[in-house]
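# Survey of secondary and tertiary structure
One-letter residues, chain by chain:
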Amino acid sequence: MSQDDLKRLAAKAALEYFEGGVIGVGTGSTVNHFIDFLAGVKGKIEGAVSSSEASTKLLKSHNIPVLDLNATAELDLYVDGADESNHQLHLVKGGGGALTREKIIAGASKTFVCIADGSKLVDTLGSFPLPVEVIPMARSHVARQLVKLDGTPIWRENFVTDNGNLILDVHNLQIEDPIKLEQQINNITGVVTNGLFALRPADVLLLGTEEGVKTVK
C-alpha cells in the first residue's frame, strides 16, 4: 500500500470514535481523508470546529456546518494528524502551519484522536523540524533565543499563518523532554505557540500500517 493508502486506513478508523454532535477537525493530508469519510455520516454531525481555512473549505464542500469554537461547549472529540509522535503520544505538529488553532481545539476537547501512517511513530521527537509560530516583529529575536536552545531556526519564507503570523522551523533538535521544551519555547516573548503537543498530548494514536490499523494509547 502507498503512504496515502495508510493514511486513509487511519482516517477511516477514527470514525469509530465519533458518536455524533459537534466535532473538532484538524488539518493536513490525513485529516482530508477523515473529512471525506465524515461526509458519509453527515446525519450525525451538528457541526465541526475547524483548525484552518483549508479544512473549513473542504468541510463546507461536503455541506458540513462549520462552527466558531466560541459558540460551542467543550468538544467531545478532536481528530487531527501529526508530523511525529513518540510512544507517550507527545506530538510534533504544524507542518501545515495551523499549529495554534490546532492546539486551541485540542485543549478544548475531551478526547484527542491522532491519525497518521505508521512512519510517524518515533522513539525521540525532533527529526521533523519543530514549527514555532511567531509575531512578525519578533522573528529575529525569537530565532536568537531558539539558537540558545541548540536549535537551528529557519524562517518559512513566503508563508503566513491563518492568524497573520510567521513560522520558524527549528531543525537539529533531539527532544528528550517534550514537556519542558514546550514550556521553554512558549515562554519566549514573541512566540504565539510551538508545535509540541506534550502538555496536551493525544489520547489515542491510530496508525495505518501494512498489517492494518495499530492503536496506541
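A few points on the structure. What you see is a predicted model; the values in this text were computed from it and never measured.

Regarding its fold elements, the chain presents six helices and 13 strands. Against the 2.2 N^0.38 benchmark of 17 Å for 217 residues, the chain shows a C-alpha radius of gyration of 17 Å, consistent with a compact globule. Taken over the C-alpha atoms alone, the chain extends approximately 50 × 40 × 30 Å along its principal axes. Per-residue burial over the chain gives 52% buried out of 217 residues. Working note: accessible area of the chain is about 9900 Å², and carbon and sulfur atoms make up 49% of it. In the chain, 20 side chains carry a positive charge and 27 a negative one; their mean positions are 3 Å apart.

Moving on, we come to the nonpolar core. Formed by 22 residues in total, the largest nonpolar core has its most connected members in Ile-23, Val-25, Phe-34, Leu-38, Val-79, Val-113 and Ile-115. Sort the elements by how many residues they give to this core and helix H2 (residues 29-38) lands first, with five residues. Apart from residues lying up to four places away in sequence, Ile-115 is in contact with Ala-10, Ala-11, Ala-14, Thr-30, Val-31, Phe-34, Val-79, Asp-80, Gly-81, Ala-82 and Leu-206. Grouped together as the second largest cluster of nonpolar side chains are 20 residues, Leu-130, Val-134, Val-142 and Ile-188 included.

To continue, consider a negative patch on the surface. On the surface, Asp-4, Asp-5, Glu-210 and Glu-211 cluster together into a negatively charged patch. Among the structural elements, Asp-4 can be located in helix H1 (residues 3-14). A residue is classified by how much of its surface remains accessible, and Asp-4, at 37% relative accessible area, is partly exposed.

Right, let's talk about the pairing of strand E3 (residues 75-80) for a bit. A regular strand carries its side chains on alternate faces of the sheet. Judged by how many residues are buried, E3 sits mostly within the fold: five of six residues are covered. Of the pairings in the sheet, the one linking strand E1 (residues 21-25) to E3 comprises two bridges and is parallel in character. Looking at the pairing, Val-25 lines up with Val-79 of E3.

This brings us to the pattern of salt bridges. All told, the structure shown has eight salt bridges when counted by the stated rule. Across the pair Arg-101 and Glu-53 runs a salt bridge, and its minimum N-O distance is 3.2 Å. Linking Arg-101 in helix H4 (residues 99-107) with Glu-53 in helix H3 (residues 53-61), this pair joins segments that are 48 residues apart in sequence. Judged by relative accessible area, Arg-101 falls into the partly exposed class, the value being 25%. Here Glu-53 falls in the partly exposed class, since its relative accessible area comes to 45%.

On to the sheet that holds E3. Strand pairing in a sheet relies on backbone hydrogen bonds. The paired strands run either parallel or antiparallel. Read from one edge of the open sheet, six strands run E2-E1-E3-E6-E12-E13, paired in mixed fashion. Because the sheet does not close on itself, it has two edges, and the strands there are strand E2 (45-50) and strand E13 (212-216). For this sheet, the mean inter-axis angle between neighbouring strands, taken without regard to orientation, is 25°. With five bridges joining them, strand E12 (residues 204-209) and E13 adopt antiparallel strand pairing. Counted as the bridge partner of Gly-208 is Val-213 from E13. The strands touched by H4 within the sheet are E1, E2, E3 and strand E6 (109-117), with E3 carrying the most contacts at an inclination of about 145°.

Attention shifts here to the sheet that holds strand E11 (residues 196-197). Strand order in this open sheet of three strands is E4-E5-E11, and the pairing throughout is antiparallel. The sheet is open, and its two edges are formed by strand E4 (84-85) and E11, each paired on a single side. Where strand E5 (residues 91-92) meets E11, two bridges bridge the pair, whose relative direction is antiparallel. Note on E11: the bridge partner recorded for Leu-91 is Phe-197.

So, about the side chain of Ser-55. Along the polypeptide, Ser-55 turns up in helix H3. Ignoring sequence-local partners within four residues, the contact set of Ser-55 consists of Gly-26, Thr-27, Ile-35 and Ser-50.

Conventions and cut-offs
- Residues numbered from 1 in each chain as written.
- Predicted model: local features only at pLDDT ≥ 70, side-chain atom pairs only at ≥ 80, totals over all residues.
- Heavy atoms only, no water.
- Helix = DSSP H or I, 4+ residues; strand = E, 2+ residues; numbered from the N terminus.
- Rg over C-alpha atoms; globule rule 2.2 N^0.38 Å.
- Buried < 20%, exposed > 50% of the residue type's maximum accessible area, 1.4 Å probe, protein only.
- Areas by Shrake-Rupley, 256 points an atom, 1.4 Å probe, with all protein chains shown as cover.
- Lys, Arg positive; Asp, Glu negative; His and termini not counted.
- Charge placed at Lys NZ, Arg CZ, Asp CG, Glu CD.
- Core = buried A, V, L, I, M, F, W, Y, C linked by side-chain atoms within 4.5 Å.
- Contact = heavy atoms within 4.5 Å.
- Patch = residues over 30% accessible without salt bridge, like charges linked within 9 Å, V, L, I, M, F, W, Y side chains within 5 Å.
- Salt bridge = Lys/Arg side-chain N within 4 Å of Asp/Glu carboxyl O.
- Pairing = 2+ DSSP bridges.
- Axes fitted to C-alpha atoms, helices over the stretch in contact; angles between N-to-C directions.

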